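Residue-level listing of the chains:
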Amino acid sequence: MDRRFIISELEYRQESAVRQLATVAQESILAKDDLLLFNYIGILKKTDPVIVSAAFVRKDGRIAVHSDPLLIGKKDSAAPAEKKEQKLHLSRQVFLGEAVEGYVKITYSQEGLDRSINQVLSVVRKRVVASGLFGLLAGIVIALLLAQALSKPIKIISSSAVE
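The rules behind each value
- Residues numbered from 1 in each chain as written.
- Predicted model: local features only at pLDDT ≥ 70, side-chain atom pairs only at ≥ 80, totals over all residues.
- Heavy atoms only, no water.
- Core = buried A, V, L, I, M, F, W, Y, C linked by side-chain atoms within 4.5 Å.
- Buried < 20%, exposed > 50% of the residue type's maximum accessible area, 1.4 Å probe, protein only.
- Helix = DSSP H or I, 4+ residues; strand = E, 2+ residues; numbered from the N terminus.
- Contact = heavy atoms within 4.5 Å.
- Pairing = 2+ DSSP bridges.
- Axes fitted to C-alpha atoms, helices over the stretch in contact; angles between N-to-C directions.
- Salt bridge = Lys/Arg side-chain N within 4 Å of Asp/Glu carboxyl O.
- Expected span 1.5 Å × (residues − 1).
- Arc of directions from axis to C-beta.

Attention now goes to the nonpolar core. Counting residues in hydrophobic clusters, the biggest one holds 21 residues, and the most contacted among them are Leu21, Leu37, Phe56, Val94, Val104, Ile106 and Tyr108. Among the elements that take part in this core, helix α1 (residues 3-31) stands out by supplying seven residues, more than any other. Look past the residues within four positions of Leu21 in its chain and what remains in contact with it is Leu37, Tyr40, Ile41, Leu44, Ala54, Ala55, Val104, Lys105 and Ile106.

Right, let's talk about the pairing of strand β4 (residues 99-109) for a bit. Bridge count between strand β1 (residues 51-58) and β4: seven bridges; the pairing is antiparallel. Across the sheet, residue Ile51 finds its bridge partner in β4, namely Tyr108. Between strand β3 (residues 87-96) and β4, which pair antiparallel in sequence order, lie two residues; one of them, Gly97, sits at a positive phi of approximately 65 degrees.

Further remarks concern the sheet that holds strand β2 (residues 63-66). What holds strands together in a sheet is hydrogen bonding between their backbones, with the strands either parallel or antiparallel. Strand order in the open sheet formed by four strands is β2-β1-β4-β3, and the pairing between neighbours is antiparallel. Sheet topology places β2 and β3 at the edges, where each strand pairs with a single neighbour. For this sheet, the mean inter-axis angle between neighbouring strands, taken without regard to orientation, is 20 degrees. Sheet topology note: the β1/β2 ladder contains three bridges and is antiparallel. Note on β2: the bridge partner recorded for Val57 is Ile63. The sheet contacts of α1 involve β1, β3 and β4, and relative to β3 the element is tilted by about 35 degrees. The strands that helix α3 (residues 110-162) touches are β3 and β4; relative to β4, the one it contacts most, it runs at about 60 degrees.

This brings us to the pattern of salt bridges. Per the counting criterion, the structure on display carries four salt bridges. Between Asp34 and Arg58 there is a salt bridge; the shortest N-O distance is 3.2 Å. Within this pair, whereas Asp34 is found in helix α2 (residues 34-47), its partner Arg58 is found in strand β1, the two being separated by 24 residues in sequence. Residue Arg58 is classed as partly exposed on the basis of its relative accessible area of 29%.

Helical periodicity: at 3.6 residues per turn, an α-helix aligns residues three or four positions apart in one direction. Taking 1.5 Å as the rise per residue, α2 with 14 residues should run 20 Å; its terminal C-alpha atoms sit 20 Å apart, in good agreement. Those residues of α2 not exposed but buried are Leu37, Ile41 and Leu44. Down the axis, α2 shows its buried residues gathered within 60 degrees of arc, on one side only. Seen from the buried face of α2, the exposed residues on the opposite side, beyond 90 degrees, are Leu35, Ile43, Lys46 and Thr47. Among the structural elements, α1, β1, β2 and β4 are those in contact with the buried residues of α2.

Written as structure tokens, this is what we have:
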């Protein structure tokens, strides 16, 4: 399996997660129920350990829902600096009709993404090595059986020539 394929699959999943979060944010706005979105963000963060944070920011720039409840109500730019590590930020605007209500954002740990890619590659590598060893072993067994089947008539002919 190619590293580029794994990366493109991860990118697709990340984009899907942001799209789904935007959809839940729309439903939450329509229902006037931030708890719906808060619960969804909690589930999202639990199911994907690579997610550092997720949030919905209203059009006035204030955080309406965040995976860190201490940031709710603050300006998005006022969020405290997190640990010094590379992160991948994905965001998507949330619309009601044609009006922009805000945006959702998900922050992924680049280190975690790299670790996930390497884990998948490790599993694939192990499978390829196991398949190769199985093929080699099967080839040796078949070669031995074939050699025995071919040498048996030759032994019979040579033993009858000696007599």
